[in-house]
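These are the residues of each chain, in order.
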Amino acid sequence: SQTIHQWPATLVQPVGSPLSLECTVEGTSNPNLYWYRQAAGRGLQLLFYSVGIGQISSEVPQNLSASRPQDRQFILSSKKLLLSDSGFYLCAWSLGETQYFGPGTRLLVL
Amino acid sequence: GENVEQHPSTLSVQEGDSAVIKCTYSDSASNYFPWYKQELGKRPQLIIDIRSNVGEKKDQRIAVTLNKTAKHFSLHITETQPEDSAVYFCAASYSGYALNFGKGTSLLVTP
């Protein structure tokens, strides 16, 4: 069966520091991968999605970037974090229509 | 792009009552409509979904209805239980490519 991992689970970072969040999927090949952000008490905002290695589409222009160096690995990065980057970051995968979410990374920028 | 509106933002019901959450979408090309349940601090979990070639789908106490003409779909939970308390999100997409989520409904079921 398929499993999706995210790490770290929680992260506290100072403003202006870099960021790297990792997501990996097991048990499937060539999934679509997604990064979402959820601010406290808010909905889910799609940040990036990828249909294959090296293929990234950005939904929201901001100081974040994404990369897909391997088929089942999706990385979210930032060179300089802002206070507004705080939130719950969720990775998701799909092969068809249904998306399955990872456990998330809770990021607090101070 | 697709815009999904969800109402109400909060809903409180007594145990055993029914709960209904409604969503509207703007893009008539959307053909996939999932519902997710998110418990506090956890990931969203798919609870039910419906495709545009179906008007209603039921899974035990949960049902979803879709009105393509009016571009709205609803989640119905019957015989609510305290463990149904969570935030529920609707979403819409064309062939599941990029889900557009509603802002969520916080459901509280009181004993």
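As shown above, the structure is provided for reference.
Residues numbered from 1 in each chain as written. Chains lettered and ligands numbered in written order. Predicted model: local features only at pLDDT ≥ 70, side-chain atom pairs only at ≥ 80, totals over all residues. Heavy atoms only, no water.

**Topic: the sheet that holds strand β1 (residues 3–7) of chain A**
Residues and elements named next belong to chain A. Sheet architecture is open: 4 strands sit in the order β1-β3-β8-β7, paired in antiparallel fashion. In the strand order of this sheet, the two ends are held by β1 and β7 (64–70), each with one partner. Neighbour to neighbour, the strand axes of the sheet diverge by 20° on average, direction disregarded. In the sheet, strand β3 (residues 19–26) pairs with strand β8 (residues 73–78) via 6 bridges, with the strands oriented antiparallel. In the sheet register, Cys 23 faces β8, and the bridge partner there is Phe 74. (Pairing = 2+ DSSP bridges. Helix = DSSP H or I, 4+ residues; strand = E, 2+ residues; numbered from the N terminus. Axes fitted to C-alpha atoms, helices over the stretch in contact; angles between N-to-C directions.)

**Things to note about the pattern of salt bridges**
Two side chains carrying opposite charge are able to pair once their charged atoms lie near each other. Across all of its chains, the model carries 7 salt bridges over all chains by this definition. Linking Glu 97 of chain A and Arg 51 of chain B is a salt bridge whose minimum nitrogen-to-oxygen distance equals 2.3 Å. Here the residue Glu 97 of chain A occupies a position in the loop between β9 (87–94) and β10 (100–101), and Arg 51 of chain B occupies one in strand β5 (residues 45–51), the pair thus bridging two chains. Looking at Arg 51 of chain B, the relative accessible area reads 31%, which means it is partly exposed. When the shortest N-O distance is used, the salt bridge between Asp 49 of chain B and Lys 57 of chain B registers 3.0 Å. When its relative accessible area of 35% is taken as the criterion, Lys 57 of chain B is described as partly exposed. Look at the salt bridges and you will find they share partners, linking Glu 97 of chain A together with Asp 49, Arg 51 and Lys 57 of chain B into a network. (Salt bridge = Lys/Arg side-chain N within 4 Å of Asp/Glu carboxyl O. Buried < 20%, exposed > 50% of the residue type's maximum accessible area, 1.4 Å probe, protein only.)

**Regarding the environment of Thr 24 of chain A**
Residues and elements named next belong to chain A. Here Thr 24 lies in strand β3. Considered as a pair, Thr 24 and Pro 69 are 45 residues apart in the sequence and their alpha carbons are 11 Å apart. When neighbours within four sequence positions are excluded, Thr 24 is seen to be in contact with Thr 3, Ile 4, His 5, Trp 7, Arg 72 and Gln 73. (Contact = heavy atoms within 4.5 Å.)

**Re the interface of chain A and chain B**
Where the parts come together, the accessible area they lose is often given as the size of the interface. Counting residues at the interface gives 20 residues for chain A and 19 residues for chain B. A combined buried area of about 1600 Å² lies between chain A and chain B, and 53% of that area is made up of carbon and sulfur atoms. Looking at the side of chain A facing chain B, the largest losses of area belong to Leu 44, Glu 97 and Phe 101 of chain A, adding up to 37% of the total buried there. Where chain A touches chain B, the interface holds 1 salt bridge. Our count for the chain A to chain B interface comes out at 5 residue pairs in polar contact (both at pLDDT 80 or more). Considering each element in turn, the side of chain A that touches chain B owes the most residues, 4 residues, to strand β5 (residues 44–52) of chain A. Its residues assigned to classes, the side of chain A that touches chain B comprises 11 nonpolar, 6 polar and 3 charged. (Buried area = accessible area lost by both parts, 1.4 Å probe. Polar contact = N/O pair within 3.5 Å; in protein donor to acceptor, adjacent residues only side chain to side chain. Nonpolar A, V, L, I, M, F, W, Y, C, P; charged D, E, K, R; others polar.)

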